[in-house]
Amino acid sequence: MNGKKGSVEIDIPPPNKAKQPEDGNKSGFQGFSCKAWIWSAWEFCKDDVDRVIFSFKVGLAVLLVSLLILLRGAYEIFGTNIIWSIITVAIMFEYTVGETFNRGFNRALGSLLAAILAIAVGELAQLTGRIAEPIIIGLTIFLIGAITSFVKLWPPLVPYEHGFRIIIFTYCFIIVSGYRMGNPIRTSMDRLYSIAIGGFVAAFVNVLVFPMWAGEQLHEELVNSFNSLADSLEECVKKYLEDEELNQAEFSEKVMDEFPDEPAYRKCRTTLNSSAKLESLADASKWEPPHGRFRNFFYPWSEYVKVGAVLRYCAYEVMALHGVLHSEIQAPYNLRIAFQSEIQDAANQAAELVRSLGKDIWNMKRSLKTSLLNRVHSSTERLQRVIDMHSYLLTPHYDLPDNSSNPVPKLSHVLPTTPYDFLDQDDDVCSTNHEKSSNHLTQNLTESYYEMMRKQSRRLNSWPSSEVDPFEKGGGFRIGILPQMRAVKSTAALSLTTFTSLLIEFVVRLDHLVEAVDELSKMAKFKHEDL
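Chains are numbered independently. Their residues run from 1 in the order of the written sequence. Totals for whole chains, interfaces and linings use all residues, but because this is a predicted model, local features are given only for residues with pLDDT of at least 70 and pairs of side-chain atoms are given and counted only at 80 or more. Side-chain numbers here rest on the full set of heavy atoms in the structure, without hydrogens or water.

Trainee: I'd like a rundown of the overall build of the protein chain, residues and numbers included.
Mentor: Numbering of helices and strands runs from the N terminus, with a helix taken as a DSSP run of H or I at least four residues long and a strand as a DSSP run of E at least two residues long. Looking only at helices and strands, one finds 19 helices and 2 strands in the protein chain. Relative accessibility thresholds used throughout: buried, under 20% of the residue-type maximum; exposed, over 50%; partly exposed, between the two (1.4 Å probe, protein chains only). A burial count over the protein chain gives 40% of its 531 residues as buried. Taking the contacts inside the protein chain whose residues are at least 6 apart along the sequence as the reference set, 81% of them involve residues at least 24 apart. Approximately 29,800 Å² of the protein chain is accessible, and the part contributed by carbon and sulfur atoms is 61%. The contact criterion used is simple: two residues touch if any of their non-hydrogen atoms lie within 4.5 Å. Here, Shrake-Rupley sampling with a 1.4 Å probe gives the accessible areas, and only protein chains in the shown set may cover a residue.

What follows is the structure, encoded as structure tokens:
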């Protein structure tokens, strides 16, 4: 229809052009997938070299057991039953020495109990005759499977869950094989010595070839948690006091794990999620013999779990501080900077104490923390006095300057030196600032109100709700909005009170952390060293 008025021209691309993007995407996807896999595998190996060592250790153990079958002389001695050794190595070999011994104990005890039951039931079934024998064997298989499956769910027996699985597996295999071969005792003995060979090889390789001790990993994990907690506290306080304009709009677009400028925050979250890992390492450590720096028998590994629990108890407060940092309601920057010296000092002293506790655990030394605790408590009491003396800044009767170029003066310069001066100065400052607040109220009222309206329009569904905005309903500026504006300012100022209260609560919880570390040092017999 070209050339006609009002016609519509439709261009249809050639088939080869339509297929080009598909082919390009397909070939590009294949190349990208291979490179991405290789790169991710390389990064995984670089992250922890012990993973590569563990893989080679498993391969070495399986090879040593397989030689009993590959070599003709060994095969003639052990026969095909040696395959059970390979299965034992694959099941028993774990990442750490303690986990390997735990698995080995469960497998050995489960196999022994299953063999005894299989021999007893097999001999008894043979006495009943050929007709009743398969019925008795089938009934016992059902009972053993049901009872062991129920018992392994019992909370006190959950750590031995692997042993109950071995009982079911080994019993069924031995009783059925013995029924067909007619000799359950010989079948049981062949399985047992094959399992013993596999268990010995797995333990031998895991202990002598680059051993990975669960106790050392538990020790290092707990110390890293102390350092992560101190770093996260300092990072949060520093960002809260130095960031003049906190961009809270990012919170609705990102989850809490994705703040790129807060690396210590993610480590603190790891500390909160470390409960299961610490308990697993502590359970594995109990199976390990004395080694390295842990040469005491019956080393108190369970105390590490208790210290970790108290440490998480403190980490909750640090996470709450991060919540205030990223909340929608923020105290003005000039108000935050007014208390900077006291907040910074309290946070630094608390972080120093936490790091000192972690250092003592790492060095396995016991030192008195009296001086550090006194400094932490002194800085916290100073912060409490400042908040109490200048509480008029956090009430709706005081009008905060909206211009950040005129910050509230540093409070450290006006602190009293005696308790009596504190009381007198508190009354004078309160009366003076109340007069100033009434003088500045008229000047800043209109500007503060329109600033509030701008924020409401940007955050339609945020607090305060735009649906109850008196300006939109009334159509103009009214004196009735003064209480609402005061409430908005008061709530924003109280955000600073929340932050300081959480910081003080964190310091209070440090007393429990010091007690827990001291109890660990006593039970573990750390070397005493006075500061």
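Additional details are given in the paragraphs that follow.
Trainee: Go over the packing of aromatic side chains, please, and point to the residues and values.
Mentor: Each pair of aromatic rings is reported with the distance of its centres and the angle of its planes. Aromatic rings from Phe, Tyr and Trp, taking only the six-membered ring of Trp, are treated as a pair when their centres fall within 6.5 Å; an angle between ring planes under 30 degrees marks them as stacked, one over 60 as edge-to-face, and anything in between as tilted. All chains considered together, the criterion is met by 13 aromatic pairs. For the ring pair Tyr240 and Phe499, a centre distance of 4.0 Å and an interplane angle of 5° mean the geometry is stacked. A residue pair is termed long-range when its members are at least 10 positions apart, and Tyr240 in helix α9 (residues 214-242) and Phe499 in helix α19 (residues 482-523) qualify at 259 residues. No difference in accessibility class separates Tyr240 from Phe499, as the two residues are buried. Ring centres of Trp301 and Tyr304 lie 5.6 Å apart, and the angle between their planes is 35°; this geometry places the pair in the tilted category. Separated by 3 residues within a single helix, Trp301 and Tyr304 lie in helix α13 (residues 301-325), roughly one turn from each other. Across the pair, Tyr304 and Trp301 agree in class, each one buried. Here the aromatic cluster, defined as three or more aromatic residues joined through ring pairs, consists of Phe294, Tyr299, Trp301 and Tyr304. For a Lys NZ or an Arg CZ to count as sitting over a ring, it must be within 6 Å of the ring centre and within 35 degrees of the ring normal. Taking the ring centre of Tyr240 as reference, the NZ or CZ of Arg336 above it sits at 5.3 Å.

Trainee: An account of the UniProt feature "transmembrane region" (unreviewed entry) in the protein chain is needed here, citing residue identities and associated values.
Mentor: UniProt positions are given in the numbering used here, feature names are shortened, and annotations may be inferred rather than shown by experiment. With numbering matched to this structure, UniProt assigns "transmembrane region" (unreviewed entry) to residues 52-71, 78-98, 104-124, 131-151, 163-180 and 192-214. For residues 78-98, helix accounts for 62% and strand for 0%, while the C-alpha atoms at its two ends are 29 Å apart. Its end C-alpha atoms 31 Å apart, residues 131-151 is made of 95% helix and 0% strand.

Trainee: Explain unusual backbone geometry to me, using residue names and the numbers behind them.
Mentor: Here Phe210, not a glycine, exhibits a phi torsion of approximately 45°, which is positive. Within the element layout of this structure, Phe210 appears in the loop between α8 (184-208) and α9. A positive phi angle is found at Met364, which is not glycine, with a value near 55°. With respect to the helices and strands, the residue Met364 is situated in the loop between α15 (340-363) and β1 (365-366).

Trainee: Go over the nonpolar core with me, naming the residues and quoting the values.
Mentor: Residues enter a nonpolar core if they are buried and are Ala, Val, Leu, Ile, Met, Phe, Trp, Tyr or Cys, with the set joined through side-chain atoms within 4.5 Å. Judged by nonpolar contacts, the single largest core of 69 residues is most densely connected at Phe226, Leu229, Leu233, Tyr304, Ile343, Phe506 and Leu510. Among the elements of the structure, α9, α11 (263-272), α12 (275-285), α13, α15, α16 (370-389) and α19 are those that each provide at least two residues to this core. Take this core: its biggest share by element is 14 residues, from α19. Membership of the second largest hydrophobic core comes to 13 residues, among which are Ile144, Tyr171, Ile175 and Tyr179.

Trainee: So what's going on with α16? Which residues, and what values?
Mentor: Its 20 residues give α16 an end-to-end C-alpha distance of 28 Å, which sits within 8% of 28 Å, the value for a rise of 1.5 Å per residue. All of the buried residues along α16 are Leu372, Leu373, Val376, Ser379, Thr380, Leu383, Val386, Ile387 and Met389. Residue count minus one, scaled by 1.5 Å, sets the expected span of a helix.

Trainee: Account for the side chain of Ser367, with residues named and values stated.
Mentor: Mapped onto the secondary structure, Ser367 falls in the loop between β1 and α16. Residue classification places Ser367 among the buried positions, given a relative accessible area of 13%. Within the local environment of Ser367, its side chain forms a polar contact with the side chain of Asp360, the two groups lying 2.5 Å apart. Polar contact is the term for a pair of N or O atoms within 3.5 Å; when the atoms are in protein, one must be able to donate a hydrogen and the other to accept it, and sequence-neighboring residues count only if both atoms are side-chain atoms. Only 3.2 Å separates the side chain of Ser367 from the side chain of Lys369, close enough to count as a polar contact.

Trainee: Describe a nonpolar patch on the surface, listing the residues and the values that go with them.
Mentor: Residues Leu60, Leu63, Leu64, Leu67, Leu70 and Leu71 make up a contiguous nonpolar surface patch of about 520 Å² in total accessible area. Residue position: Leu67 is located in helix α2 (residues 49-70). Patch membership requires more than 30% relative accessible area and the absence of a salt bridge. Residues of like charge join within 9 Å; the nonpolar side chains Val, Leu, Ile, Met, Phe, Trp and Tyr join within 5 Å. Should a side-chain nitrogen of Lys or Arg be within 4 Å of a carboxyl oxygen of Asp or Glu, the pair is scored as a salt bridge.

Trainee: Explain the packing of α15 against α16 to me, and be specific about the residues and the numbers.
Mentor: For any two helices packed against each other, the geometry comes down to the angle between their axes and how far apart the axes lie. The axes are straight lines fitted to the C-alpha atoms, using for helices just the contacting stretch, and the angles between their N-to-C directions are given from 0 to 180°. The geometry of α15 relative to α16 is characterised by a closest axis approach of 9 Å and an angle of 160° between their N-to-C directions. By the angle between their directions, the pair α15 and α16 is classed as roughly antiparallel. Crossing of α15 over α16 shows left-handed handedness. The residues of α16 that touch α15, namely those facing Ser341, Glu342, Ile343, Asp345, Ala346, Gln349, Ala350, Glu352, Leu353 and Ser356, are Leu372, Leu373, Arg375, Val376, Ser379, Arg382, Leu383 and Val386. Each residue is assigned to one class: nonpolar for Ala, Val, Leu, Ile, Met, Phe, Trp, Tyr, Cys and Pro, charged for Asp, Glu, Lys and Arg, and polar for all the others, Gly among them. Residue classes in the contact of α15 with α16 are distributed as 9 nonpolar, 4 polar and 5 charged. For this classification, under 35 degrees means roughly parallel, over 145 means roughly antiparallel, 65 to 115 means roughly perpendicular, and everything else is oblique. Note: crossing handedness is left-handed where the near helix turns anticlockwise from the far helix by less than a right angle, and right-handed where it turns clockwise.

Trainee: Give a detailed account of the pattern of salt bridges, specifying residues and quantitative values.
Mentor: According to the stated counting rule, one finds 14 salt bridges in the structure shown. Glu94 is the salt-bridge partner of Arg103, the closest N and O atoms lying 3.4 Å from each other. You can call Arg103 partly exposed: its relative accessible area is 29%. Put simply, Lys277 and Glu221 hold a salt bridge, and the shortest N to O gap is 3.3 Å. Within this pair, whereas Lys277 is found in helix α12, its partner Glu221 is found in helix α9, the two being separated by 56 residues in sequence.

Trainee: With reference to specific residues and values, describe the confidence of the model for the protein chain.
Mentor: For the protein chain, the mean per-residue pLDDT works out to 76, and 71% of the residues sit at or above 70. Scored from 0 to 100, pLDDT records how confident the predictor is in each individual residue. Note that pLDDT drops below 50 for residues 1-10; the model gives that stretch 2 contacts with residues more than four away or on any other chain. Throughout residues 412-450 the model reports pLDDT below 50, and contacts reaching past four residues in sequence, or to other chains, amount to 45 contacts.

Trainee: So what's going on with the environment of Lys527? Which residues, and what values?
Mentor: On the secondary structure map, Lys527 appears in strand β2 (residues 527-528). Using a relative accessible area of 60% as the deciding quantity, one classes Lys527 as exposed. Each residue touching Lys527, except ones within four places of it in the same chain, is listed here: Met364, Lys365 and Arg366.

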